[in-house]
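Examining the three-dimensional arrangement
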2 protein chains.
Amino acid sequence: MASTPQRRPGGRTARTRAAVHAAVRELLAAGGAEPSVREVAELSGVHEVTIYRRWGSIEALLLDVATAQLVEEWPFPDTGDLRADLLAWAGSVAEQLRRPEGFAFFHAVANAMSPASGTVSAELREQAEASMRSRAAQIQRALDREAANGGHPPTVDMVFDLVLAPLYLRAMWNYEPETHVEVFVDRALRAAQPVSD
Amino acid sequence: MASTPQRRPGGRTARTRAAVHAAVRELLAAGGAEPSVREVAELSGVHEVTIYRRWGSIEALLLDVATAQLVEEWPFPDTGDLRADLLAWAGSVAEQLRRPEGFAFFHAVANAMSPASGTVSAELREQAEASMRSRAAQIQRALDREAANGGHPPTVDMVFDLVLAPLYLRAMWNYEPETHVEVFVDRALRAAQPVSD
């Protein structure tokens, strides 16, 4: 067991992170209330004190898992067909939101960025904002290509307002479980078309 | 001090509820982290045990305050001018979301209705859903009047998807603090117009 005190990527720190993240995902997938640090510690085999030292709170840990998931596992598709890419992306968001762990991830980011949140460090909040910017930049590249090809793509804000926002609200308020991905995507695509009148 | 054991509207139960609600609003208005039952008890003068017995958890209490606020204090305006009514309503939602306690109220409802929430009773969840239906019915009446007058009003779903959802997402993700109430309302009004092509 050659362990060194300094943090090295791929070393003990990375293994700890992977074990803790896997435990969080497993607990969220099981549904129920928000997991506690104690439950994460028991499932991961990582000591509770270590988790608190590294993440500070369960909210901060959930945010870390959420942003990792967002950036690593749900890239914006990039096939050159903007409508198809938006449909695939929105469909995967809708599917994630239907599952307890996907919803919990969105919720963790929302909690972290909420003005009322006092439990997330400035560092983690910056991480959440960086993952948002990275996602926005991915979408921007697809929109830029469409414009370069002579199309009239929506802006990133339109994609968020017209596609992501209603998917999220419907999942959150639970007021209509089935989602209308195609309607939302086509609204975003139409919003950018030159108006005739 | 003539106190009777049974619950009477306007009696001790109502006074307890009013004191506890006022304390929650004051704590939320002050910002910071979600208030604890202990803080609510201290500020309201109502015993912690009484609060737990009546509401069960801080999440359930926040939800109760949020739905009361929604129904009692933010009625949908009804002047007969649909665009003006939507602008006034959306403006007040946007303003509420900019304030910590307004955001916290929306968040409390979201938490209660989240599939991952295990801390809110079926009774309170039903109360949240009833307040949503009541709000939807208020908006529906305004839309019906517009249709009766020969207009082409959007559906309630369109109002939620195109106006409420982006206001909420922008407040939540904090990705653009200024809101675009007029753009959102006009999108909703346009979405229902007959398409020319």
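Please read all numbers here as calculations on a predicted model, not as lab measurements.

Quick look at the overall build of chain A
Helix and strand counts for chain A stand at 9 helices and 0 strands. For chain A, the succession of helices and strands along the chain, N to C, is α-α-α-α-α-α-α-α-α. Sorting the 197 residues of chain A into buried and exposed places 47% on the buried side. When contacts within chain A are restricted to residue pairs at least 6 apart in sequence, long-range pairs at least 24 apart make up 64% of them. Entry remark: accessible area of chain A is about 9500 Å², with carbon and sulfur atoms responsible for 52%.

As for the nonpolar core
Formed by 122 residues in total, the largest nonpolar core has its most connected members in W89 of chain A together with W89 of chain B. Look past the residues within four positions of W89 of chain A in its chain and what remains in contact with it is F76, P77, R135, I139, V159, V163 and L164 of chain A.

Focus on the side chain of D64 of chain B
All names here are of chain B. Tracing the sequence through the fold places D64 in helix 4 (residues 58-73). Among the residues examined, D64 registers a relative accessible area of 6% and is labelled buried. With sequence-adjacent residues up to four places away left out, D64 is seen in contact with R17, H21, W55, L124 and Q127.

Topic: the domain arrangement of chain A
Residues and elements named next belong to chain A. Partitioning chain A into domains gives domain 1 (10-55) and domain 2 (57-191). The interface of domain 1 with domain 2 comprises 16 residues on the first partner and 16 residues on the second. Of the roughly 1400 Å² buried between domain 1 and domain 2, counting both surfaces, carbon and sulfur atoms make up 66%. Three residues stand out in domain 1 for area buried against domain 2, namely R25, L28 and W55, and they jointly supply 46% of the buried area on that side. Viewed at the interface, domain 2 and domain 1 are joined by 1 salt bridge. Across the domain 1-domain 2 interface, the total number found is 3 residue pairs in polar contact (both at pLDDT 80 or more). Looking at the side of domain 1 that touches domain 2, the elements that each hand over two or more residues are helix 1 (12-29), helix 2 (37-44) and helix 3 (48-55). For the side of domain 1 that touches domain 2, the element with the most residues is helix 1, which contributes 7 residues. Residues that form the side of domain 1 that touches domain 2 fall into these classes: 10 nonpolar, 3 polar and 3 charged.

Some points on the packing of aromatic side chains
When we look at a pair of aromatic rings, we describe it by the centre distance and by the angle of the planes. Residue and element names in this part refer to chain B. Evaluated as defined, the whole model comprises 2 aromatic pairs over all chains. Plain terms: the ring middles of F76 and W89 are 5.7 Å apart, the flat faces sit at 55° to each other, and that makes the pair tilted. Of this pair, F76 sits in the loop between helix 4 and helix 5 (82-98) while W89 is found in helix 5, placing the two residues 13 residues apart along the sequence. The pair formed by F76 and W89 is uniform in burial state, with each residue classed as buried.

Comments concerning the pattern of salt bridges
By the definition in use, this model includes 13 salt bridges over all chains. For the salt bridge of R170 of chain B with D161 of chain A, the shortest nitrogen-to-oxygen distance reads 2.8 Å. Of the two residues, R170 of chain B sits in helix 8 (residues 156-173) while D161 of chain A sits in helix 8 (residues 156-173), which places them in two different chains. Salt bridges sharing common partners tie together R170 and R187 of chain A together with D157 and D161 of chain B.

Looking at the side chain of Q96 of chain A
Residues and elements named next belong to chain A. Relative to the assigned elements, Q96 resides in helix 5 (residues 82-98). For Q96, a relative accessible area of 10% corresponds to the buried category. With sequence-adjacent residues up to four places away left out, Q96 is seen in contact with Q69, W74, G102 and F103.

Looking at helix 2 of chain A
Residue and element names in this part refer to chain A. Among the residues of helix 2, those classed as buried are V37, V40, A41 and S44. One side of helix 2 holds all its buried residues, which, seen down the axis, span an arc of 100°. When the buried face of helix 2 is taken as reference, the exposed residues oriented beyond 90 degrees from it are R38 and E42.

Considerations on the packing of helix 5 of chain B against helix 9 (residues 181-191) of chain B
All names here are of chain B. Look at helix 5 against helix 9: their axes get within 9 Å of each other, and the N-to-C directions meet at 135°. Taken together, the axes of helix 5 and helix 9 are oblique relative to one another. In this structure, helix 5 crosses over helix 9, and the sense of that crossing is right-handed. Counting all contacts with helix 5, which are made through L82, R83, L86, L87, A90, G91 and A94, the residues of helix 9 involved are V181, E182, V185, D186 and L189. Partitioned by chemical class, the residues of the contact of helix 5 with helix 9 number 8 nonpolar, 1 polar and 3 charged.

Criteria and cut-off values
- Counting restarts for each chain: residues are numbered from 1 in the order of the written sequence.
- All chains are assigned letters beginning at A, and all ligands numbers beginning at 1, according to the order in which they are written.
- Since the coordinates come from a predicted model, pLDDT governs what is reported: local features require at least 70, and pairs of side-chain atoms require 80 or more to be given and counted, while whole-chain, interface and lining totals use all residues.
- Excluded from the side-chain calculation are hydrogens and water; included are all heavy atoms of the structure.
- Segments assigned H or I by DSSP are reported as helices when at least four residues long, segments assigned E as strands when at least two residues long, and all are numbered from the N terminus.
- Exposure classes here rest on a 1.4 Å probe applied to the protein chains alone. A residue is buried below 20% of its type maximum, exposed above 50%, and partly exposed in between.
- Two residues form a contact once any of their heavy atoms are found within 4.5 Å.
- Here the accessible surface of atoms and residues is derived via Shrake-Rupley with a 1.4 Å probe, and residues count as covered only by protein chains that are part of the display.
- Nonpolar cores were defined as sets of buried Ala, Val, Leu, Ile, Met, Phe, Trp, Tyr and Cys residues, with membership established by side-chain atoms within 4.5 Å.
- The domain boundaries here were taken from an automatic or database domain assignment.
- By convention, the term buried area covers the 1.4 Å-probe accessible surface removed from two parts as they join, with the contributions of both added.
- Criterion for a salt bridge: a side-chain nitrogen of Lys or Arg within 4 Å of a carboxyl oxygen of Asp or Glu.
- By the criterion applied in these results, polar contacts are pairs of N or O atoms within 3.5 Å in which, for protein atoms, one can donate a hydrogen and the other can accept it, and in which residues neighboring in sequence qualify only through two side-chain atoms.
- Under the scheme applied here, ten amino acids are nonpolar (Ala, Val, Leu, Ile, Met, Phe, Trp, Tyr, Cys and Pro), four are charged (Asp, Glu, Lys and Arg), and all others, including Gly, are polar.
- Put simply, two rings from Phe, Tyr or Trp (the six-membered ring, in Trp's case) pair if the centres are within 6.5 Å, and we call them stacked under 30 degrees between planes, edge-to-face over 60, tilted for the rest.
- Here the arc refers to the set of directions running from the helix axis out to each C-beta atom.
- Note on definitions: angles span 0 to 180 degrees between N-to-C directions of axes, and those axes are lines fitted to C-alpha atoms, for helices only across the stretch in contact.
- Oblique is the label for any angle not covered by the other classes, which are roughly parallel (under 35 degrees), roughly antiparallel (over 145) and roughly perpendicular (65 to 115).
- Take the far helix as your reference; a near helix turned counterclockwise from it by less than a right angle gives a left-handed crossing, and one turned clockwise gives a right-handed crossing.

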